[in-house]
Each structure stands twice: as structure tokens, then as C-alpha cells.
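If you want the building blocks of each chain, they are given just below.
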Amino acid sequence: MLSDSDKKLVVSMLPQVPLFASMDKKALNTVANSAGKKTYKSGEAIAKEGDKALSFFLIMEGNVEVRRGKRVLATLGKGQFFGEMALLDEQPRSADVIATSDTTCVLLTSWAFAGVMAGNPDISKVIIKELVRRLRETDKTLAE
Ligand code: CMP
């Protein structure tokens, strides 16, 4: 749960996230009510492959690498999200996610994420589109 000042900060930060661009102030407030904010040091593991998934992450500042063992699957930065896969299919985390600079994330609980998906078809569509983009990227990497 966020303090009042952190909640204000999150409400002001969320419109910078393309995923939430279609949300009005009231809906953003609802999201912020169930959000958390966490900062990770460069090199810190934010998620580990095989772990049980509890949260969805929006990157507010910094960069992360998505890794399987030594292999880097993707680099994600400000305004992007991760942690959706394990919440969507209720499986363990598919990969490690490591901060490659000091990184601040807004975290949504799995049930808050489910509520956002259920209540906002526009957002669900953006998430699906991003999943397809990542799949295409991965296909391209495999073909190289
Ligand atoms: P999840 O499986 O919950 O935790 C690890 C996250 O890394 C995953 O959700 C995605 O958000 C992200 N991820 C996994 N594989 C890829 C990939 N190939 N390209 C981009 N992001 C990925």
C-alpha cells in the first residue's frame, strides 16, 4: 500500500506509461489505490524464472534485461511493462528479469492486474499487441 504522497506520485506517473494512456483520472486513481512502488539497484533480480508470480511491473525509470540463463531475450525500459505472462497463464515466471541500472517500478498485484484487464478492453488490446511484438522479436532472433 502506498503513502498519500507516493500515491500522488504514481497517479502523476501512470499517464506517462503508454499502456495506460487511454485511462481517465478516476480509473487511474483506482489503479493507484492498489499499486506499490519499488526501486531496484543495478544488478538486482526483480523476478526469477520459476518463481510464483504475485505482481505486474511498469517501469517508471531505468532499464531491465529479460534473461534465460545467460541469454538475453529482451531489454525493456521506461514506460514498458513485464511480468504479465505468469499472471495471464497462472504459470511460474518464464524468465529472470534483472535491473541493468537503478530501476523504479510501479507494481500491481495479480488481482489488480486482472481487474485492469477485465475493465479496460483498450488496455487488454495493448497488452496483446505487445505480446505479439515480443513474439515476433523472439522469432527474428531465433532465425538469425
Ligand atoms: P513473466 O513470465 O511473468 O516473468 C518474466 C517476464 O519477462 C515475462 O512475464 C515477460 O514480461 C518477460 N518476457 C519473457 N519472455 C520474453 C521475451 N521473449 N521478450 C520480451 N519479454 C519477455
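Note: the structure precedes this text.
These numbers were taken from a predicted model, which means no experiment stands behind them.

Trainee: Quick one: what's the story with the pattern of salt bridges, residue by residue and with numbers?
Mentor: Tallied over the full model, the rule gives 9 salt bridges. We note a salt bridge from E61 to K78, for which the minimum N-O separation is 3.7 Å. Linking E61 in strand β3 (residues 55-61) with K78 in the loop between β5 (71-77) and β6 (81-82), this pair joins segments that are 17 residues apart in sequence. E61 gets classed as partly exposed once you look at its relative accessible area, which sits at 43%. On the basis of relative accessible area, K78 is assigned to the partly exposed category, the value being 49%. A salt bridge links E84 to R134; the nearest nitrogen and oxygen atoms lie 3.5 Å apart. With E84 in helix α3 (residues 84-89) and R134 in helix α5 (residues 121-143), this residue pair connects regions lying 50 residues apart in the sequence. The exposure class assigned to E84 is buried, which follows from its relative accessible area of 2%. Overlapping salt bridges, with partners in common, bring together E84, E130, R133 and R134 in one network.

Trainee: Tell me about the site of the ligand, residues and numbers included.
Mentor: Taken together, 14 residues lie near the ligand, and G83, E84, A86, R93 and S94 sit nearest. In this structure, S94 approaches the ligand through a side-chain N or O atom, which is 2.7 Å from an oxygen atom. Protein coverage of the free-state accessible area of the ligand, which is 460 Å², stands at 94%. Of the pockets mapped on this structure, the ligand occupies the largest pocket. Every element with two or more residues in the shell around the ligand is listed here: β5, α3 and α5.

Trainee: Explain the sheet that holds strand β4 (residues 63-68) to me, and be specific about the residues and the numbers.
Mentor: On the basis of which strands lie adjacent, the open sheet formed by 4 strands has the order β2-β7-β4-β5 and antiparallel pairing. Of all the strands in the sheet, the pair left with one neighbour each is β2 (45-47) and β5. Neighbour to neighbour, the strand axes of the sheet diverge by 30° on average, direction disregarded. By the bridge criterion, 4 bridges tie β4 to strand β7 (residues 96-99) in an arrangement that is antiparallel. Among the inter-strand pairings, E65 is bridged to a residue of β7, identified as I98.

Trainee: Quick rundown of α5? Include the residues and the values.
Mentor: Look at α5: 33 Å from first C-alpha to last across 23 residues, which is about the 33 Å you get at 1.5 Å a residue. Buried positions along α5 lie against β5, β6, α3 and α4 (110-119).

About the cut-offs
Residues numbered from 1 in each chain as written. Predicted model: local features only at pLDDT ≥ 70, side-chain atom pairs only at ≥ 80, totals over all residues. Heavy atoms only, no water. Salt bridge = Lys/Arg side-chain N within 4 Å of Asp/Glu carboxyl O. Helix = DSSP H or I, 4+ residues; strand = E, 2+ residues; numbered from the N terminus. Buried < 20%, exposed > 50% of the residue type's maximum accessible area, 1.4 Å probe, protein only. Near = heavy atom within 4 Å. Polar contact = N/O pair within 3.5 Å; in protein donor to acceptor, adjacent residues only side chain to side chain. Areas by Shrake-Rupley, 256 points an atom, 1.4 Å probe, with all protein chains shown as cover. 1 Å grid on protein atoms, 1.4 Å probe; cavity = no way out; pocket = protein on both sides within 12 Å on 5 of 7 lines; lining within 4 Å. Sits in = over half its atoms within 2 Å of the grid points. Pairing = 2+ DSSP bridges. Axes fitted to C-alpha atoms, helices over the stretch in contact; angles between N-to-C directions. Expected span 1.5 Å × (residues − 1). Contact = heavy atoms within 4.5 Å.

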